[in-house]
Amino acid sequence: MKFFYTQIIPVPDNCVAEFGSRGLCSRCKRAYEESTVVEKGHGLVVDKVYCRKCASLELKEDEKQEFEKTDAKFKCPSEIQKCDANQLSYEEFYVGTCCENASRWTDKKRKLERLEIVNEIYKRSRFAESEAERDAERAMIKI
Ligand SMILES: [Zn+2]
Ligand SMILES: [Zn+2]
């Protein structure tokens, strides 16, 4: 199975402000871009949250696997001097929207990883944009 970077690289633990209701993978205990929530247990219903990779290992074919964006909130990604931001979305965190240190990507350790993830985010938003344009064109033709 092939995964995108954003699906298998967890956000560093020290950058997670809140895991939210579906942000913490029950298996590997890390936060990712997306997760799926599954009811587990017989009679006693327990919700389990899985990241893409853990879901592929833990869940059977017939178990529901709908992935949705995490509701976790993240802190400033800068390693040098963090600003007070602690409610960042996944995209805001990786792109570094909160302050200058964050946007300059001063963290050398994770630079490459971050670059790959931001590439993924941009690729997808471009794809979503071109889809929207095509929809608009189709709508125009109809008129
Ligand atoms: Zn996991
Ligand atoms: Zn910041």
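Rules used in this analysis
- Residues numbered from 1 in each chain as written.
- Chains lettered and ligands numbered in written order.
- Predicted model: local features only at pLDDT ≥ 70, side-chain atom pairs only at ≥ 80, totals over all residues.
- Helix = DSSP H or I, 4+ residues; strand = E, 2+ residues; numbered from the N terminus.
- Buried ≥ 20, exposed ≤ 12 C-beta atoms within 10 Å, placed from the backbone.
- Contact = placed C-beta atoms within 7 Å.
- Core = buried A, V, L, I, M, F, W, Y, C linked by C-beta atoms within 7 Å.
- Domains from an automatic or database assignment.
- Nonpolar A, V, L, I, M, F, W, Y, C, P; charged D, E, K, R; others polar.

**Regarding the overall build of the chain**
On a plain count of helices and strands, the chain comes out with five helices and five strands. From first element to last, N terminus to C terminus, the chain shows the α and β order α-β-β-β-α-β-β-α-α-α. Here the chain holds 143 residues, and 25% of them are scored as buried. The contacts in the chain between residues at least 6 apart in sequence include a share of 53% that link residues at least 24 apart.

**Re the nonpolar core**
In this structure, Cys25, Phe74 and Phe93 are the most contacted members of the largest nonpolar core, which totals 24 residues. Mapped by element, the contributors of at least two residues to this core are strand S3 (46-50), helix H2 (52-58) and helix H3 (90-95). Per-element accounting of this core gives the leading share, three residues, to H3. When residues are assigned to domains, this core turns out to be shared by domain 1 (7-72) and domain 2 (75-143), each giving three or more. In contact with Cys25, other than residues within four places in its own chain, are Arg30, Tyr32, Ser35, Val49, Tyr50, Cys51 and Cys54.

**Quick look at the domain arrangement of the chain**
Partitioning the chain into domains gives domain 1 (7-72) and domain 2 (75-143). Spacing between the C-alpha centres of domain 1 and domain 2 amounts to 22 Å. Facing seven residues of domain 1, the contacting portion of domain 2 comprises eight residues. A class-by-class count of the residues in the side of domain 1 that touches domain 2 yields four nonpolar, one polar and two charged.

**Some points on unusual backbone geometry**
Positive phi outside glycine occurs at Lys29, with the angle close to 60°. Mapped onto the fold, Lys29 is located in the loop between strand S1 (16-18) and strand S2 (34-40). The exposure class assigned to Lys29 is exposed, which follows from the 12 C-beta atoms found within 10 Å.

**Observations concerning the environment of Leu24**
Residue placement: Leu24 occurs in the loop between S1 and S2. The class for Leu24 is buried, based on 20 C-beta atoms found within 10 Å. On a C-alpha basis, the gap between Leu24 and Ser35 in space is 8.2 Å, while along the polypeptide they are eleven residues apart. When residues no more than four places from it in sequence are discounted, the contact partners of Leu24 are Phe19, Lys29, Ala31 and Val49.

**With respect to the environment of Glu133**
Among the secondary structure elements, Glu133 is positioned in helix H5 (residues 111-142). In the structure, Glu133 is positioned 71 residues away from Asp62 in sequence and 36 Å away in space, judged by C-alpha atoms.

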